[in-house]
Amino acid sequence: MSIEIALVGNQNSGKTTLFNQMTGSSLNVGNFPGTTVEKKEGIVKHHHEVKVVDLPGVYSLSPYTEEERITRDCLLHAEADVVVNVIDATCFERSLYLTLQVIEMNFPTVLAVNMMDELRASGRHLDMEGLQQALGIPVVPISAFRGEGIEELVIAAMTSAKNHTLPRKMDFCSGPAHKAIHSIAHIIEDAAVGAKLPIRFSACKLVEGDDEIKEMLALSEGDSQMVEMLVAEMEQRLGTDRDAAIADMRYAFIEQYCCPFLKGKSVDKGQSRSIKIDKLLTHRILAMPIFVGIMGVIFYLTFGLIGPIFNDWMAAGVAEITALTETILVDLGLNPVVQSLIIDGAFAGVGSILSFLPTIILLFFFLALLEGSGYMARVAFVFDHLLRKIGLSGRSFVPMLLGFGCTVPAVMSTRTLGSDRDRKMTILLLPFMSCSAKLPIYSVFTMAFFDHYRSLVMISLYVGGILVGILCALLMKHTVFRGSPMPFLMELPSYRIPDKKVVAMNLWQETRDFITRAFTVIFAASIVIWVLQSFDLTWHQVADSGDSMLAGFGKILAPIFAPLGFGDWRCSTALVTGLMSKETVISTFSILVGAGDSVALASSLGSIFTPLSAFSFLIFTLLYMPCVASFAVTRRELGSLGKALLASGFQTAVAWICAFLFYQIASLII
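All of these numbers come straight from a predicted model, not from anything done at the bench.

*Asks:* For this particular structure, what's the right way to read the overall build of the protein chain?
*Replies:* Summing up its helical and strand segments, the protein chain has 31 helices and eight strands in all. Compactness check: the protein chain gives a C-alpha radius of gyration of 29 Å against a globular reference of 26 Å for 670 residues, within 12% of the reference. Once the C-alpha set of the protein chain is aligned to its principal axes, its extents read approximately 90 × 55 × 50 Å. In the protein chain, buried positions account for 55% of the 670 residues. When the accessible surface of the protein chain is split by element, carbon and sulfur atoms take 64% of a total near 28,500 Å². Separation of charge centres in the protein chain, based on 52 positive and 61 negative side chains, amounts to 5 Å.

Given below as structure tokens:
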């Protein structure tokens, strides 16, 4: 018998951490809300017949965003055999609001009370037996962070699934709300059974005015009018609107029947410490300078102080391995063409990229520390005021932050935005947030032309991308995306010392992804590029790569980039191959100039660029359309190929205009 467990809970309640503990997986865990944006599946360790699904975090089962819709649809369509509702023990009362809605769905349910270690540290304890009796479902205390109670939770979930143990029937309501819910339940009973929807849950959602449930029930005109009459009567008697009436009903039940089981006076040092720190880090005036200062220090350490040392070591290692391999190939008497394919193609392309692995690891190490500490959630709060001025809300900051790592998950994370306007506008701006795949490009060019100002140039590129995004947002706000952004609500997690396991796991993911790209996409691209630049259209090997097939293609596009300062065919070719993966830009240059490592490549670029044209090239690579993987996910999220092409065309046009203006104006000044 196979069993499927669905993990449901508020954002930042520890679902993904629990999922990793249950399955041994290594999904990204962040100390800020909205980390999970689509359902993830895995097999439970030691229980190969049990599948667990990590659903996006929600605060309610009334969907306003795509992630909330994913969670509710999964539950409504009964895809899982048992629901494990994960709650944060330190936010006990607020977390149970979702629990009551899950219970109303009448599925086998187990309550996992997470973060029990933090609850104990605050001087409080929870009466699990009493809470279990009050809610009528199994309750299991756990600490997903420390791995406590995981096996007990799995056993409880399996037992509930096998026995199909439904929650004990009980009422969470009283007074006018009770009358309205139960009267509506009788009216819609047949329709709910026909639509395979829980009756009590459907009645509550109709009281709340949930149009999707109303449409699924397909009520007659008469039944719809009776429902609205009962809701109007309830609102009149309570003196409040329908949403507030249901919210008050649930919180009244929680306060009366559940909160008494949370015993002890809170002495939460972590929360009080967070409040004190936030007085400085979220200060109305000081918050932004502090953030800029923190990022400045990170960039200086990554690109100016520590990173170059490790990069040089890595480049030297790559050069040694390349030289050794070349000697072996010569000793074996291999055909010179094959030798060139291996050394000038594969080794030059992949080796030039691997040189920058230390820089990427170092940058993501610092970002993982900020994320794990809870600081990044504060940054989203701080940026809300600024983002509203350009037509977005602070919630758009999370996708933009992810965009500095990779555009693909950043585009997917826009599902957390409640407004279709906000989603589309954010997706169009994300490519201006410089992704990590562009780091090798920046590193080589700053090494070649701006060696004494590497950190400053790096900062200017990242800040420049943000400024261009702001200008484009202002343009869209007053043209194609008129209107106001959605209100921004985000729970600020307590500050924590970043978990070394989580930091190490996130670093391993980034390293693995980078190495995987290097030995798959970049390796394949390097071979193709070597072939195209080594042969002409008649497949005769050329002595000068300027006579090759690749040169012929590059020379067609070169005039487009001549006004930007880089009209060499090798530049246009590198930009086109960069659409496969941005690191491929460096691989292409390495093959075309015959450089086997980053140091040799940096010294060779002087024959193609001047410092002015080099910076213009950096501006274009910063802003032009992202890779094909990002394009594919953009197409999926926007819903059509045409919209994705328009988005990519817009981004590339902005890149061309910005690079053109910089080069032409700078040429007049310098």
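*Asks:* Can you help me understand unusual backbone geometry in this one?
*Replies:* When glycine is set aside, most residues are seen to have a negative phi, and most peptide bonds are trans. At Met115, a position not held by glycine, the phi torsion is positive, near 60°. Mapped onto the elements, Met115 comes out in the loop between strand S5 (109-114) and helix H4 (116-121). One non-glycine residue, His164, lies in positive phi territory at about 50°.

*Asks:* Even after reading the chapter, I still don't get helix H13 (residues 287-305), so can you show me in this structure?
*Replies:* Residues lying three or four places apart along an α-helix face the same way, a consequence of the helix completing one turn every 3.6 residues. Between its terminal C-alpha atoms H13 stretches 26 Å, which fits the 27 Å expected from 19 residues at 1.5 Å a residue. Three or more residues of H13 are buried, namely Ala287, Phe291, Met295, Ile298, Phe299, Thr302 and Phe303.

*Asks:* How do you make sense of the packing of H13 against helix H16 (residues 357-373) when you look at a structure like this?
*Replies:* Each packed pair of helices is defined by two parameters, the angle between the axes and the distance between the axes. Where H13 meets H16, the axes come as close as 9 Å, and the angle between the chain directions of the two elements is 155°. In terms of orientation, H13 lies roughly antiparallel with respect to H16. In this structure, the crossing between H13 and H16 has a hand that is right-handed. For the pair formed by H13 and H16, the contact residues are Ile294, Met295, Ile298, Leu301, Thr302 and Phe303 on the first element and Thr359, Leu362, Leu363, Phe366, Leu367 and Leu370 on the second.

*Asks:* Sorry, what's going on with the pairing of S5 here?
*Replies:* Where a strand is regular, its side chains alternate between the two sheet faces. Taking burial as the measure, the six residues of S5 include six buried ones, the bulk of the element. Along S5, one buried face is formed by Thr109, Leu111 and Val113 and the opposite face, lined by Val110, Ala112 and Asn114, is buried too. You can see the chain leave strand S4 (residues 82-88), run along helix H3 (residues 92-104) and come back into S5, and the turn it takes is right-handed. Sheet topology note: the S5/strand S7 (residues 139-141) ladder contains three bridges and is parallel. From the neighbouring strand, Val113 faces S7, where its bridge partner is Pro141.

*Asks:* Explain the sheet that holds strand S3 (residues 50-54) to me, please; I cannot follow it from the model alone.
*Replies:* Strands pair in a sheet through their backbones, by hydrogen bonds, and they do so in one of two ways: parallel or antiparallel. Strand order in the open sheet made by the six strands is S2-S3-S1-S4-S5-S7, with mixed pairing throughout. A strand with exactly one partner marks an edge of an open sheet, and here the two such strands are strand S2 (40-43) and S7. Each neighbouring strand pair of the sheet contributes to a mean axis angle of 25°, computed without reference to strand direction. As paired elements, S4 and S5 share six bridges and run parallel to each other. The partner of Asp88 across the bridge, within S5, is Asn114. Running at roughly 165° to S4, H3 makes contact with strand S1 (3-9), S4 and S5 of the sheet.

Conventions used here
Residues numbered from 1 in each chain as written. Predicted model: local features only at pLDDT ≥ 70, side-chain atom pairs only at ≥ 80, totals over all residues. Heavy atoms only, no water. Helix = DSSP H or I, 4+ residues; strand = E, 2+ residues; numbered from the N terminus. Rg over C-alpha atoms; globule rule 2.2 N^0.38 Å. Buried < 20%, exposed > 50% of the residue type's maximum accessible area, 1.4 Å probe, protein only. Areas by Shrake-Rupley, 256 points an atom, 1.4 Å probe, with all protein chains shown as cover. Lys, Arg positive; Asp, Glu negative; His and termini not counted. Charge placed at Lys NZ, Arg CZ, Asp CG, Glu CD. Expected span 1.5 Å × (residues − 1). Axes fitted to C-alpha atoms, helices over the stretch in contact; angles between N-to-C directions. Parallel < 35°, antiparallel > 145°, perpendicular 65-115°, else oblique. Left-handed = near helix turned anticlockwise from the far one by under 90°. Contact = heavy atoms within 4.5 Å. Right-handed = clockwise from strand over helix to strand, strands pointing away. Pairing = 2+ DSSP bridges.

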